[in-house]
Structures are given as structure tokens and as C-alpha cells.
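The residues making up each chain are set out below.
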Amino acid sequence: MRVYGIKNCDSVKKALKFLDERGIKYEFVDLKNGDLDCNVVEAWLKEVDIDKLFNKKSKAFKELHLDKELSEEEKKELLCKKSLILKRPIIEFDDGYILVGFDVVEFEEIFDWCC
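This structure is a prediction, so every number in the text was calculated from the model and none was measured.

*Asks:* Can you walk me through the nonpolar core in this structure?
*Replies:* In a soluble, globular protein the nonpolar side chains are often hidden away together inside. With 34 residues, the main nonpolar core has Ile91 and Phe111 as its most contacted residues. When contributions to this core are tallied by element, the ones reaching two or more residues are strand 1 (2-5), helix 1 (10-21), helix 2 (38-45), helix 4 (72-81), strand 3 (90-92), strand 4 (98-100) and helix 5 (104-114). Sort the elements by how many residues they give to this core and helix 1 lands first, with 5 residues.

Below you can see the structure in the form of C-alpha cells.
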């Protein structure tokens, strides 16, 4: 399992604390270390709607003035090139399942039965 995020993001901190408290092992991928391989984004898009991946509250999203309508291809390109506009955390399970954002109820439902 891989957790994509930024270490100083409150949602990421809560998710990592949740996982650590339960002894759930994961690999952390820091989005500040560079852009994502588009193959990763494309794999996510097989599991989740592209608009769910955008963090519209992020500073990076606001700085890009993304209030205009974008094509699916333009959105995908942005997600590949500007990883800081991703909603965080993104948890990628080994079976391809993707969990976006932190919601304690959702985490309890998923992790209390699977891990």
C-alpha cells in the first residue's frame, strides 16, 4: 500500500496517524518531491473520477486559476505536472483500489475489516 501526500498536510497527518495506530504498513510517497508519472495518474483514473482527485481548496489549485472548464486530457496533464493540486492523501492499495482524502468513518470501514 502506498500513501501519496505531503507531510505537513493535516489530512495526511490524520491518515498516517490512523494507519500507524493500527500497525498498518505503508510506503509514503511525498508529493513535494516532484511530479507524478502519468502512468500512476492513469491507473487512478480507472478507479476514481478525475474531478475527485483535484483539491480545489489547495493553494496550488487557486494559484492556477482553474475556475474555467478544462477537457479531460487537460485535467489529466495538470494532475501529472502539478501534483500539489491533488486531494490528499491518496491511498493506493496493492489490488489497485484507490482511496482519496481522509474521512475517519470511511477509514474505519475499510481498514477495520481488511487489515
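*Asks:* Where do I start with the state of the cysteines in this structure?
*Replies:* Note on terminology: a disulfide is the covalent bond linking the sulfur atoms of two cysteines. Tallied over the full model, the rule gives 1 disulfide. A sulfur-sulfur separation of 2.1 Å characterises the disulfide bridge that pairs cysteine 38 with cysteine 80. One end of the pair, cysteine 38, is in helix 2; the other, cysteine 80, is in helix 4, with 42 residues separating them in the sequence. The exposure class assigned to cysteine 38 is partly exposed, which follows from its relative accessible area of 31%. On the basis of relative accessible area, cysteine 80 is assigned to the buried category, the value being 4%.

Cut-offs and rules
Residues numbered from 1 in each chain as written. Predicted model: local features only at pLDDT ≥ 70, side-chain atom pairs only at ≥ 80, totals over all residues. Heavy atoms only, no water. Core = buried A, V, L, I, M, F, W, Y, C linked by side-chain atoms within 4.5 Å. Buried < 20%, exposed > 50% of the residue type's maximum accessible area, 1.4 Å probe, protein only. Helix = DSSP H or I, 4+ residues; strand = E, 2+ residues; numbered from the N terminus. Disulfide = S-S within 2.5 Å.

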